[in-house]
2 protein chains.
Amino acid sequence: MTLTKNGRHIFNEVPHGYPIPGRTTIYDGSPSIDLDNVPLNGGFLFKTLDLAVDPYLRSMMDQVSNSHVTPFRLGEPLVNYGIGLVLRSEYSEAQPGDHVYGLIPFQEYSVLKDFENQIERMRVLKNDVGLPWSVYLGAAGMPGQTSYMAWKAYAKAKSGDVAFITSGAGTVGSLVIQLAKRDGMKVISCASSEEKRQYLSSLGADVTYNYRTTSAREILEKEGPIDVYWDNVGGETLEAALDNASTGARFLESGMMSGYNEQHLPIRNLFKLIGMQITMQGFLVWSLVDQYRDEFYREFVPLLASGDIKYREDITHGLETVGEVLLDVQRGKNFGKGIIHLADG
Amino acid sequence: MTLTKNGRHIFNEVPHGYPIPGRTTIYDGSPSIDLDNVPLNGGFLFKTLDLAVDPYLRSMMDQVSNSHVTPFRLGEPLVNYGIGLVLRSEYSEAQPGDHVYGLIPFQEYSVLKDFENQIERMRVLKNDVGLPWSVYLGAAGMPGQTSYMAWKAYAKAKSGDVAFITSGAGTVGSLVIQLAKRDGMKVISCASSEEKRQYLSSLGADVTYNYRTTSAREILEKEGPIDVYWDNVGGETLEAALDNASTGARFLESGMMSGYNEQHLPIRNLFKLIGMQITMQGFLVWSLVDQYRDEFYREFVPLLASGDIKYREDITHGLETVGEVLLDVQRGKNFGKGIIHLADG
């Protein structure tokens, strides 16, 4: 019996405000695994290659369930989308050498067997287009699906319309900017630094601003009214959007980042919905995946491989770095999709 | 030349809070009109029979325009839906003796000529079903259209779903209760007195409460979660609805009465939209009329005439009473559609 180290990054304490590296979550290098003999019970053993760090993970630290989000369990590894390389298998749909994608624990090796209890079952990735595997966690993964599927389902994009897209330098926002431009819209977007602001322009955004130095209200009063609002932030930005919406505007409520680590700011002008006949659509990508999955892989992923749609990754190495990356993603310090790289394969 | 008194009720002062009878609006009995010789300029002269007093009139007192609501003008008569009897006409589509319906000034006689500048052109009412003319201001008029058209457009009604309908004793709410019951839903509704609460039950509502003595939150925690929310009030009731919504719930934002006369309460839990994937639809009936008008007169109005769908009217007599009725409607003191009756015909 040969034991191999099986390091993991566990959820240690419910945070108040921002997650604290080394306290909210901690790295645990003590576990080990017998790769040759661990029982599979009809499932498969895989090695974790890459793990995604997404903004929404903060909400899974609060111990509140809803229909789609299961809170992290104290003392257990974090869970999020990742890429695995199958080492051994008793499951007919995954063979050794296959790359699998799905919700996996933050540890070096895992045995997966409980397929039905997963939001999205592990899927074998084909990657005909030859993208780096990690891209299937970002632009070709859940964030990319969020952008593409919700845009198709809810934006009612019309050439000449004005779109306002927050968190434009994030994976979701940067893809939405490009989808809006491909639909012939005027795009207003914002980010947290001058460097990121320039990145928004390079993606085609027509009006860009640094939200740490310029207010949304000031920009929208000049460049609005807006027909589509992609909301990643909530709070005062959402209020400014409500005050500068055109009749029949579509508000795609993707996230309210401003309230994840602090109290959600109350919205004082929601009554604007009525007079301007706004549709405000809250959504989670999981409800759209069944309807749009095929179209996503057929229409969108090839555009990433060809370079017609651009993406960025911000890759760090090793499970020890997870705590810092979690915080960076909440603070908007990362630039590109947050990826923890564990192993090549 | 014979002059006839042409009394009117004018907008006199922008209110802060509730409208004050005799100050916000005042009756002016001084004008007169020469019914035989007043020039028609291609239009027609009509005698006002009935005028509607609706909750939304309060928003037209604030001097804020949007795409569909034009504020009242100081010193000019109020304007709202009314029924007129045509006395003389140079307009081919309206003959003497016809009953017309549309937005008309609060005065005894008017000449209408500027058809194109009206939100909805004056229409000649046929009334094949023999309803009292005043009903075309309520259940068979704009409030009825609001209920029927928005319910058809946005509720996605499903048998067994739970609907929560505020202002259930108002014209709009009372009709929505009956539409929801016809679609096989469980209906929760509220009103401002015990007498009105019993009226909700008589319309078929399954769960009713007096919102002056019972909180929405308490009721919804017990009887929810809700699939459809018909919002006439906003504020804390909307917050309670957000906290007790089912996944994919539809919120029909018809009004936010609680903020019309006082500050709108900020909404503290709007982020619930995302996790519960709620669609919040702000609407004004004017945008739905073109699509649903024929269906409304064909499918819905006959149900009023046959008694299959019930309605109530609260009729007062004479333009002098307008100020009091405006206030009663804002305070929820009226019981049934607020109608000012001027003349039979």
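Computed from a predicted model, the values in this text were never measured in an experiment.

Rules and cut-offs
Residues numbered from 1 in each chain as written. Chains lettered and ligands numbered in written order. Predicted model: local features only at pLDDT ≥ 70, side-chain atom pairs only at ≥ 80, totals over all residues. Heavy atoms only, no water. Helix = DSSP H or I, 4+ residues; strand = E, 2+ residues; numbered from the N terminus. Rg over C-alpha atoms; globule rule 2.2 N^0.38 Å. Buried < 20%, exposed > 50% of the residue type's maximum accessible area, 1.4 Å probe, protein only. Polar contact = N/O pair within 3.5 Å; in protein donor to acceptor, adjacent residues only side chain to side chain. Contact = heavy atoms within 4.5 Å. Phe/Tyr/Trp six-rings, centres within 6.5 Å; stacked < 30°, edge-to-face > 60°. Buried area = accessible area lost by both parts, 1.4 Å probe. Salt bridge = Lys/Arg side-chain N within 4 Å of Asp/Glu carboxyl O. Nonpolar A, V, L, I, M, F, W, Y, C, P; charged D, E, K, R; others polar. Pairing = 2+ DSSP bridges. Least-squares fit on C-alpha atoms with pLDDT ≥ 70 in both. Core = buried A, V, L, I, M, F, W, Y, C linked by side-chain atoms within 4.5 Å. Axes fitted to C-alpha atoms, helices over the stretch in contact; angles between N-to-C directions. Parallel < 35°, antiparallel > 145°, perpendicular 65-115°, else oblique. Left-handed = near helix turned anticlockwise from the far one by under 90°. Expected span 1.5 Å × (residues − 1). Bend = angle between axes of the 7 residues up to and from the residue. Arc of directions from axis to C-beta. Domains from an automatic or database assignment.

A.B. asks: So what about the overall build of chain A? Which residues, and what values?
C.D. replies: Within chain A, the secondary structure is distributed over nine helices and 17 strands. The C-alpha radius of gyration of chain A comes to 21 Å, within 12% of the 20 Å expected for a compact globule of 345 residues. With the C-alpha coordinates aligned to their principal axes, the bounding extent of chain A is approximately 70 × 40 × 35 Å. Looking at the 345 residues of chain A, the share that counts as buried comes to 57%.

A.B. asks: So what's going on with the side chain of His-341 of chain B? Residues and values would help.
C.D. replies: Residues and elements named next belong to chain B. Along the chain, His-341 turns up in strand S17 (residues 337-341). At 3.5 Å, the side chain of His-341 forms a polar contact with the backbone oxygen of Ala-343. The contacts of His-341, once residues within four sequence positions are left out, are Leu-49, Asp-50, Ile-315, Thr-316, His-317 and Gly-318.

A.B. asks: Outline the packing of aromatic side chains, listing residues and values.
C.D. replies: Two descriptors summarise a pair of aromatic rings, namely the distance from one centre to the other and the angle between the planes of the rings. Residues and elements named next belong to chain A. Taken as a whole and assessed by the stated rule, the structure comprises 32 aromatic pairs over all chains. Ring geometry for Tyr-229 and Phe-251: centres 5.2 Å apart, planes at 75 degrees, overall edge-to-face. You can see Tyr-229 sitting in strand S13 (residues 226-231) and its partner Phe-251 sitting in strand S14 (residues 245-253), a full 22 residues away along the chain. There is no split in this pair, since Tyr-229 and Phe-251 are both buried.

A.B. asks: I'd love a proper account of the interface of chain A and chain B, names of residues and values included.
C.D. replies: Contacts between the two partners involve 28 residues from chain A and, on the opposite side, 28 residues from chain B. Of the roughly 2400 Å² buried between chain A and chain B on both sides combined, carbon and sulfur atoms contribute 64%. The three residues of chain A that bury the most area against chain B are Leu-270, Ile-274 and Gln-277 of chain A, which together make up 26% of that side's buried surface. There are zero salt bridges connecting chain A and chain B. For the pair chain A and chain B, the number of links is eight residue pairs in polar contact (both at pLDDT 80 or more). For the side of chain A that touches chain B, the secondary-structure elements that each account for two or more residues are S14, helix H7 (272-275) and strand S15 (279-282) of chain A. Taken together, the residues of the side of chain A that touches chain B break down into 13 nonpolar, 13 polar and two charged. Of the pairings in the sheet, the one linking S15 of chain A to strand S15 (residues 279-282) of chain B comprises three bridges and is antiparallel in character. In the sheet register, Met-280 of chain A faces S15 of chain B, and the bridge partner there is Met-280 of chain B.

A.B. asks: Mind laying out the relation of the copies chain A and chain B, listing which residues take part and the relevant values?
C.D. replies: The relation between the two copies of this chain is a rotation about an axis and a shift parallel to it. It takes a turn of 180 degrees to lay chain A on chain B, together with a shift of 0.1 Å along the axis; the resulting RMSD is 0.1 Å. When the rotation and shift are considered jointly, the pair of chain copies conforms to a two-fold rotation axis.

A.B. asks: Can you tell me about the nonpolar core, naming the residues and giving the values?
C.D. replies: Here is a general trend for soluble globular proteins: nonpolar side chains tend to be buried in one another's company. Membership of the largest hydrophobic core comes to 216 residues, with the highest contact counts inside it found for Leu-270 of chain A together with Leu-270 of chain B. In this view, Leu-270 of chain A contacts Leu-242 and Met-280 of chain A together with Leu-238, Met-256, Ile-267, Leu-270 and Met-280 of chain B; residues no more than four positions away in its chain are not counted.

A.B. asks: A description of the packing of helix H5 (residues 216-223) of chain A against helix H6 (residues 235-243) of chain A should follow, citing residues and the corresponding values.
C.D. replies: All names here are of chain A. In the contact formed by H5 and H6, the axes pass within 9 Å of each other and the chain directions differ by 20 degrees. Overall, the two elements H5 and H6 adopt an arrangement that is roughly parallel. Every pair of crossing elements has a handedness; the one defined by H5 and H6 is right-handed. From H5, Ala-216, Arg-217 and Leu-220 reach across to H6, where they touch Thr-237, Glu-239, Ala-240, Ala-241 and Asp-243. Residues that form the contact of H5 with H6 fall into these classes: four nonpolar, one polar and three charged.

A.B. asks: Lay out helix H8 (residues 289-305) of chain A with the relevant residues and their values.
C.D. replies: Residues and elements named next belong to chain A. Helix length check: H8 (17 residues) gives 21 Å between terminal C-alpha atoms against 24 Å at 1.5 Å per residue, more than 12% under. At Phe-296, H8 is bent by approximately 50 degrees, the largest bend along its length. Among the residues of H8, those classed as buried are Val-289, Tyr-292, Arg-293, Phe-296, Phe-300, Val-301, Leu-303 and Leu-304. For H8, the secondary structure elements touched by its buried residues are strand S9 (123-124), helix H2 (142-154) and helix H3 (171-182). One or two residues past the end of H8 sits Gly-307, with phi positive at roughly 85 degrees.

A.B. asks: Tell me what's going on with helix H4 (residues 216-223) of chain B, and back it up with residues and numbers.
C.D. replies: Residues and elements named next belong to chain B. Listing the buried residues of H4 in full gives Ala-216, Ile-219, Leu-220 and Glu-223. Buried residues along H4 cover an arc of 95 degrees about the axis, so they all sit on one side. Residues of H4 that are exposed and point more than 90 degrees away from the buried face comprise Glu-218, Glu-221 and Lys-222.

A.B. asks: An account of the domain arrangement of chain A is needed here, citing residue identities and associated values.
C.D. replies: All names here are of chain A. Here chain A is described as being made up of domain 1 (4-138 + 312-341) and domain 2 (142-286). Taking only C-alpha atoms, the centre of domain 1 and the centre of domain 2 are 29 Å apart. With 24 residues of domain 1 at the contact, the number on the domain 2 side is 16 residues. Regarding the contact of domain 1 and domain 2, the summed buried area is about 1700 Å², with carbon and sulfur atoms giving 57% of it. Taken together, the links from domain 1 to domain 2 amount to zero salt bridges. In this assembly, domain 1 and domain 2 are joined by six residue pairs in polar contact (both at pLDDT 80 or more). Broken down by element, the residue count for the side of domain 1 that touches domain 2 peaks at three residues, all from helix H9 (residues 322-331).

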